[in-house]
Amino acid sequence: MTPYSGPWTANEAAHLLRRCTFGATYAEIQDAVQNGMSATIANLLLPSIPDEPLAYDPAEQVVAQGQSWVSAVYPQDTTANQQTEGARMKSLGAWLAKNLNQESLSLTEKMLFFWQNHFGVSTSGDARAMYHYLLLLRQNALGNVKQLVKEVSIDPCMLLFLNGSTNTVFSPNENYARELLELYTVGKGPQLAAGDYSTFTEQDVSAGAKIFTGYVVQGVRSSTQSQVTSQFMPVLHDTTTKTLSYHFSNQAISANGALEFADYIDIVFNQPETASYICRKLYRYFVNCDITTWVEQNIIADMAQTFVTNNFEITPVLVALLTSEHFYDINMRGAVIRTPLETICAMLNTSSTSANFDLQSTYQIYLSLYGLADQMGQGYAAPPSVAGWTAYYQAPAFYRLWINSTYIKKRFDVANFLTSNNFNVNGNIFKIQVLDLLNGLSAPASAPQVIADLCLVLFPKEIPAADQLAIKAILTGGLPDFEWTLQYNEYIADPTNPAFYTPVELRMQAVLNIMFKMPQFHVC
């Protein structure tokens, strides 16, 4: 890939942050310009670890409100056990939405969701297990992918999700062995013959099933065990020698107990297509769904080579991609339709709007935001299938699957919801902090500059001058620009007076409501 050597302006910085985070403020974009591309990317690569989710729902019957439940047991009573699980799953959903909204300027959240989609694991029946699975993805989000695959393979959530916990020498189960190859590593190519998929065969699936035998899960919703764990049971493991197909050079894998699956994964990663397959998914996630022959030969090939050269560390690949000329190509800007999660967060994060009320109100608000994304087609902890969300892989539609008559109406409803004063939880009004957004722009007293700054933050490309004028007319109420200047200055002179701040707030709410419904906002 050719390194980027063009200008580093607010447009390039905004493009980078738009693709790498769930929403950046005007000030963060300007900081990125001042810091330069290299320093900005270095900052994005710093890890982010949030606090643990907290108990807040009255149905939680073990942990006190405000305390973490991630290592707590469950009630022994069946009904209480189920109620506590429901309370913890609500807390987990709220916590996930909170992390997206209150993210630091880091790639961690974006990469965490990439892996959640990549492995396609849904909830396991124990909120603690799901939390620790997500923590595993987070801790390895920017690390070594081969090691991540090894750890995910025997994680309790994955073992439960794809029947690995019942995969024994007496009854081998092929579910995980198949998805490891088809979805997580080499991918499924064109079928060459019966049972031969260009990158693996049914022989490899059968051998893989035997290799993964012997792991069981213990402690699910236990009243005595504080964690869900996976354990290797030698008596349940197939100790025969397993022979792979010609795609893996007919290699034989000897019995190696609890480490045998790791030997197998090492072999799978030595297959060149593994690096290419994962890099294609990264490209579609960060750049564009359209992988042309040129992209395959000049971008994917370089990414894959970097991946292999660096022993499957993901960070060097991301650095090469995010500093490439191709990434900043004007044709790549606006080429991706925002996901539901990105859409909601772009409305909130660009204005630094977050819920900071009492614990119960804050978590209820974030659970509502989680639910809104789910209604728009993207429930974070519940991918629609083991392959993840169809918009990331289903050709030729890809990102366009996020938009249909139902989903676009819901997006507009969310815009109305967040730019009004109607989101009331326990007497707490949650809405976009439009005055903070306005005051953080370069020249809030200048109506034309307000619109120009908002366009930079919210849109991936410049919009027609006529559209900017139409938006400005909403801000000024159709009056000359100097009237807005006077109105804003009156507000600044007495910022706590409702007579002055309310008109400014209402104008800004109307402007954002319109901008959130424009086509340009729904791409990035």
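Rules of the game
- Residues numbered from 1 in each chain as written.
- Predicted model: local features only at pLDDT ≥ 70, side-chain atom pairs only at ≥ 80, totals over all residues.
- Heavy atoms only, no water.
- Helix = DSSP H or I, 4+ residues; strand = E, 2+ residues; numbered from the N terminus.
- Buried < 20%, exposed > 50% of the residue type's maximum accessible area, 1.4 Å probe, protein only.
- Polar contact = N/O pair within 3.5 Å; in protein donor to acceptor, adjacent residues only side chain to side chain.
- Contact = heavy atoms within 4.5 Å.
- 1 Å grid on protein atoms, 1.4 Å probe; cavity = no way out; pocket = protein on both sides within 12 Å on 5 of 7 lines; lining within 4 Å.
- Points joined across faces, edges and corners; volume = space filled by probe spheres on them.
- Nonpolar A, V, L, I, M, F, W, Y, C, P; charged D, E, K, R; others polar.
- Salt bridge = Lys/Arg side-chain N within 4 Å of Asp/Glu carboxyl O.
- Phe/Tyr/Trp six-rings, centres within 6.5 Å; stacked < 30°, edge-to-face > 60°.

## So, the side chain of histidine 326
Positionally, histidine 326 belongs in the loop between helix H14 (314-322) and helix H15 (340-349). Classification of histidine 326 as buried rests on a relative accessible area of 11%. A polar atom in the side chain of histidine 326 sits 2.6 Å from the side chain of tyrosine 283. Beyond its immediate stretch of four places on either side in the chain, histidine 326 contacts Tyr283, Val287, Trp294, Val295, Ile299 and Met332.

## Digging into empty space enclosed by the protein
What the rule picks out here adds up to 5 cavities of 30 Å³ or more. Approximately 120 Å³ is the volume found for the largest cavity. If you trace the largest cavity, you find 16 residues lining it, with Leu17, Arg18, Gly23, Ala24 and Arg338 closest to the centre. At the level of elements, helix H1 (10-20), H15 and helix H19 (447-458) are the ones that each hand at least two residues to the lining of the largest cavity. Of the residues forming the lining of the largest cavity, the biggest block, 3 residues, is contributed by H1. Across the lining of the largest cavity, the residue classes break down as 9 nonpolar, 3 polar and 4 charged. Estimated volume of the second largest cavity: approximately 80 Å³.

## Examining the pattern of salt bridges
It is possible for side chains of opposite charge to pair when their charged atoms get near one another. If you walk through the whole model with that rule in mind, you get 17 salt bridges. Between lysine 110 and glutamate 342 there is a salt bridge, and its shortest N-O distance comes to 3.0 Å. On the criterion of sequence distance, the pair formed by lysine 110 in helix H5 (residues 108-119) and glutamate 342 in helix H15 is long-range, its members being 232 residues apart. Accessibility classification places lysine 110 together with glutamate 342 in one group, the buried group. Two residues, lysine 242 and aspartate 238, come together in a salt bridge whose shortest N-O distance is 3.9 Å. The same class applies to lysine 242 and to aspartate 238, which are both buried.

## Overview of the layout of surface pockets
Gaps left between atoms show up when a probe the size of a water molecule is rolled over them. Each pocket or cavity is described by its volume, and for the largest pocket that value is around 360 Å³. The wall of the largest pocket is formed by 17 residues, among which Glu182, Tyr277, Lys281, Arg284 and Tyr393 lie closest to the centre. Secondary structure elements with two or more residues in the lining of the largest pocket: helix H9 (175-184) and helix H12 (272-286). Of the residues assigned to the lining of the largest pocket, the class counts are 6 nonpolar, 5 polar and 6 charged. By volume, the second largest pocket is sized at about 280 Å³. Looking at the second largest pocket, it is lined by 16 residues, and the ones nearest its centre are Asn11, Cys455, Leu456, Lys461 and Glu462. Every element with two or more residues in the lining of the second largest pocket is listed here: H1 and H19. At 4 residues, the largest contribution of residues to the lining of the second largest pocket is made by H19.

## A short note on the packing of aromatic side chains
Applying the stated rule across the entire model yields 29 aromatic pairs. Plain terms: the ring middles of phenylalanine 113 and tyrosine 380 are 4.9 Å apart, the flat faces sit at 75° to each other, and that makes the pair edge-to-face. A residue pair is termed long-range when its members are at least 10 positions apart, and phenylalanine 113 in helix H5 and tyrosine 380 in the loop between helix H16 (359-375) and helix H17 (405-418) qualify at 267 residues. Of the residues examined, phenylalanine 113 reaches a relative accessible area of 2% and is grouped as buried.

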